[in-house]
Amino acid sequence: MNKIITVIGARPQFIKAAPVSKALIKTGGFKEIIVHTGQHYDSNMSDVFFDELEMKSPDYNLEVGSGTHAEQTGEIMKRLEKVLVDEQPGLVLIYGDTNSTAAAALASAKLHIPVAHVEGGMRSFNRDMPEEINRIVADHLSSLHLCSTTTAIANLKNEGITQNVYHVGDVMYDTALFAAQKAKEKSTILEDLAIAPKEYILATIHRQENTDNRLRLENIAEAFGKLSKEFKIILPLHPRTKKYIQEYGLSARMQKVKLVDPVGFLDMASLESNALALATDSGGVQKEAYFHRVPCVTLRDQTEWVETIDAGWNALADTASVANIVSSIRKMLLNEDRDAIADYGDGHAADKIVDQIQFFV
């Protein structure tokens, strides 16, 4: 039986790995070993996802926790290397663009273990973002590239990567379809927060470029404060965002914004699908917005998901300007000129990923 190690460590990776894990089981012939790096160590942002995604618990938890990028990446490599040596997998499966992704690619490559990268080829072309560095490192060390879009394939070709590159569609679409139905059955978050569908804007902020930059986080808080006079705004707080809001004393600027603890996967799906619009700096949430057909404003200068911009479902808002954030969100709420995105597939990306893994191993 072919042994595969799946390395995950953050919310978007749990979401992407769940349907692939199920497809591996359905196909048979594979023994999947799940390694959770512990990059997201808050149980509300980690453990609950395994339950709600109906995914088996990790076989290993490296419990790395927080730290600088170098500390976190190095610690993951050190702890993961022992697992790789002990287990001797035929393939390591990685997802997205986190420190866990880059660390797993580095540790595996140095042991001459092939790596398959789900979401290969995504680029924002902004190397100030640590995620962009992680994407580049992961792609250039991977042997199998499982791309969500044709744009990603073109990006890889421009960097000289043309072997074992496949367009499989977006695995997050698989999960979004699953989540939408489960959320209807199980989530009570709207009732818990006393909000109705289409009467609120859902916001998420966690990127280092926004949280660690005082001016940008102040601008976001100011913009949300202004918008909260017209719309209800719900903001689940990532631990890092909460830390800096407190450190910078920004709570007073968002008195009418409803700040809540991180929510589970199904509750998040319910909040997303019922929102009037989303305002986020998350790559994953941008796409989830489209999957639920909810307009989105991305609080960044660039996005790797250019298709959402081209199709009219997403717009960029530079957080260096309060006025730009406010006007971008208002404009998006008025825009109704939007198209479907064929590149993201039909909700069966996981099956296509496993097909390519079968051929590869």
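Scroll up to find the structure this text is about.
Heads up: these notes are all about the structure in this document. (Residues numbered from 1 in each chain as written. Predicted model: local features only at pLDDT ≥ 70, side-chain atom pairs only at ≥ 80, totals over all residues. Heavy atoms only, no water.)

A short note on the overall build of the protein
On a plain count of helices and strands, the protein comes out with 16 helices and 13 strands. What you see for the protein is a C-alpha radius of gyration of 20 Å, in line with the 21 Å of a compact globule of 361 residues. Structurally, the protein occupies a C-alpha span of about 60 × 40 × 40 Å along its principal axes. Here the protein has roughly 14,600 Å² of accessible surface; of this, 49% comes from carbon and sulfur atoms. Within the protein, the 49 negative side-chain charges are centred at a point lying 2 Å from the centre of the 38 positive side-chain charges. (Helix = DSSP H or I, 4+ residues; strand = E, 2+ residues; numbered from the N terminus. Rg over C-alpha atoms; globule rule 2.2 N^0.38 Å. Areas by Shrake-Rupley, 256 points an atom, 1.4 Å probe, with all protein chains shown as cover. Lys, Arg positive; Asp, Glu negative; His and termini not counted. Charge placed at Lys NZ, Arg CZ, Asp CG, Glu CD.)

Some points on the pairing of strand β9 (residues 232–236)
When a strand is regular, its side chains alternate between the sheet's two faces. Buried residues dominate β9, accounting for four of its five residues. When strand β8 (residues 200–204) meets β9, the two strands line up parallel, connected through three bridges. Paired with Y200 across the bridge in β9 is K232. For the segment spanning β9, helix α11 (residues 239–248) and strand β10 (residues 258–260), crossover handedness is right-handed. (Buried < 20%, exposed > 50% of the residue type's maximum accessible area, 1.4 Å probe, protein only. Pairing = 2+ DSSP bridges. Right-handed = clockwise from strand over helix to strand, strands pointing away.)

A closer look at the side chain of N126
Checked against the element boundaries, N126 lands in the loop between β5 (115–118) and α5 (130–141). A polar side-chain atom of N126 sits 2.8 Å from a polar atom in the side chain of Q302. Excluding its chain neighbours within four sequence positions, the residues that come into contact with N126 are E132 and Q302. (Polar contact = N/O pair within 3.5 Å; in protein donor to acceptor, adjacent residues only side chain to side chain. Contact = heavy atoms within 4.5 Å.)

Some thoughts on the sheet that holds strand β6 (residues 144–147)
Read across the open sheet, the seven strands follow the order β3-β2-β1-β4-β5-β6-β7; overall the sheet is parallel. The open sheet terminates on both sides in strands that have one partner only, identified here as β3 (60–61) and β7 (165–167). One ladder, built from seven bridges, connects strand β1 (residues 2–8) with strand β2 (residues 30–36); its direction is parallel. Following the sheet pairing, I8 is matched in β2 by H36. Of the strands in this sheet, β6 and β7 touch helix α6 (residues 150–158), which is tilted by about 165 degrees from β7. (Axes fitted to C-alpha atoms, helices over the stretch in contact; angles between N-to-C directions.)

Looking at the sheet that holds β8
On the basis of which strands lie adjacent, the open sheet formed by six strands has the order β10-β9-β8-β11-β12-β13 and parallel pairing. Whereas interior strands pair on both sides, the edge strands pair on one side only; in this sheet they are β10 and β13 (314–316). Strand-to-strand, the axes of this sheet are offset by a mean angle of 20 degrees, without reference to chain direction. In the packing of helix α13 (residues 283–291) onto the sheet, contacts are made with β8, β11 (277–280), β12 (296–298) and β13, and the angle to β11 comes to roughly 170 degrees.

Some details on the packing of aromatic side chains
A ring pair, where both rings are aromatic, is described by two values, the distance of the centres and the angle of the planes. Counted by the stated rule, this structure contains eight aromatic pairs. The interplanar angle of 10 degrees and the centroid separation of 4.9 Å between the aromatic rings of Y173 and F291 together place this pair among those described as stacked. Within this pair, whereas Y173 is found in helix α7 (residues 171–186), its partner F291 is found in helix α13, the two being separated by 118 residues in sequence. For the pair formed by Y173 and F291, the shared burial category is buried. On the numbers, 5.8 Å between centres and 65 degrees between planes, the contact of Y290 with Y344 is edge-to-face. Linking Y290 in helix α13 with Y344 in the loop between α15 (322–334) and α16 (349–360), this pair joins segments that are 54 residues apart in sequence. For the pair Y290 and Y344, one class covers both residues: buried. These aromatic residues form a ring-pair network of at least three members: Y173, Y290, F291, W305, W313 and Y344. Residue placement shows K22 over the ring face of F178; its charged tip is 4.1 Å from the ring centre. (Phe/Tyr/Trp six-rings, centres within 6.5 Å; stacked < 30°, edge-to-face > 60°. Lys NZ or Arg CZ within 6 Å of the ring centre and 35° of its normal.)

Thoughts on the pattern of salt bridges
A complete count under the given rule lists 26 salt bridges for this structure. Among the salt bridges present, the one from E230 reaches R330, with a minimum N-O distance of 2.2 Å. One end of the pair, E230, is in the loop between α10 (214–227) and β9; the other, R330, is in helix α15, and 100 residues separate them in sequence. Counted as one network, the salt bridges with shared partners bring together D97, E131, E132, R135, R207, R300 and E304. (Salt bridge = Lys/Arg side-chain N within 4 Å of Asp/Glu carboxyl O.)

Describing unusual backbone geometry
In this model, N164 sits at a positive phi of 55 degrees, which is unusual for a non-glycine residue. When you line up the elements, N164 lands in the loop between α6 and β7. By relative accessible area, which is 30% here, N164 ends up partly exposed. Even without being a glycine, K198 presents a positive backbone phi close to 65 degrees.

A few points about the nonpolar core
Formed by 50 residues in total, the largest nonpolar core has its most connected members in I8, V20, M55, L93, I353 and I357. Sorting elements by how many residues they give to this core places helix α1 (residues 11–27) first, with seven residues. Excluding anything up to four places from it in sequence, V20 contacts L93, Y95, V171, A350, I353 and V354. Counting 27 residues, the second largest nonpolar core, distinct from the first, contains A221, L227, Y244 and M254. (Core = buried A, V, L, I, M, F, W, Y, C linked by side-chain atoms within 4.5 Å.)

A closer look at α15
Between its first and last C-alpha atoms α15 spans 19 Å; for 13 residues at 1.5 Å apiece the expected length is 18 Å, and the two agree. Among the residues of α15, those classed as buried are V322, I325, V326, S328, I329 and M332. Burial along α15 is one-sided: seen end-on, the buried residues are contained in an arc of 165 degrees. Exposed and oriented more than 90 degrees from the buried face of α15 are A323, K331 and L334. Structurally, α15 contributes buried residues whose contacts are with β8, α10, β11, β12 and β13. At the N-terminal end of α15, a side-chain oxygen is found 3.4 Å from the backbone nitrogen of A323, two or three residues along, and the residue is S321. (Expected span 1.5 Å × (residues − 1). Arc of directions from axis to C-beta.)

Note that all results are geometric; they support no functional claim without further evidence.
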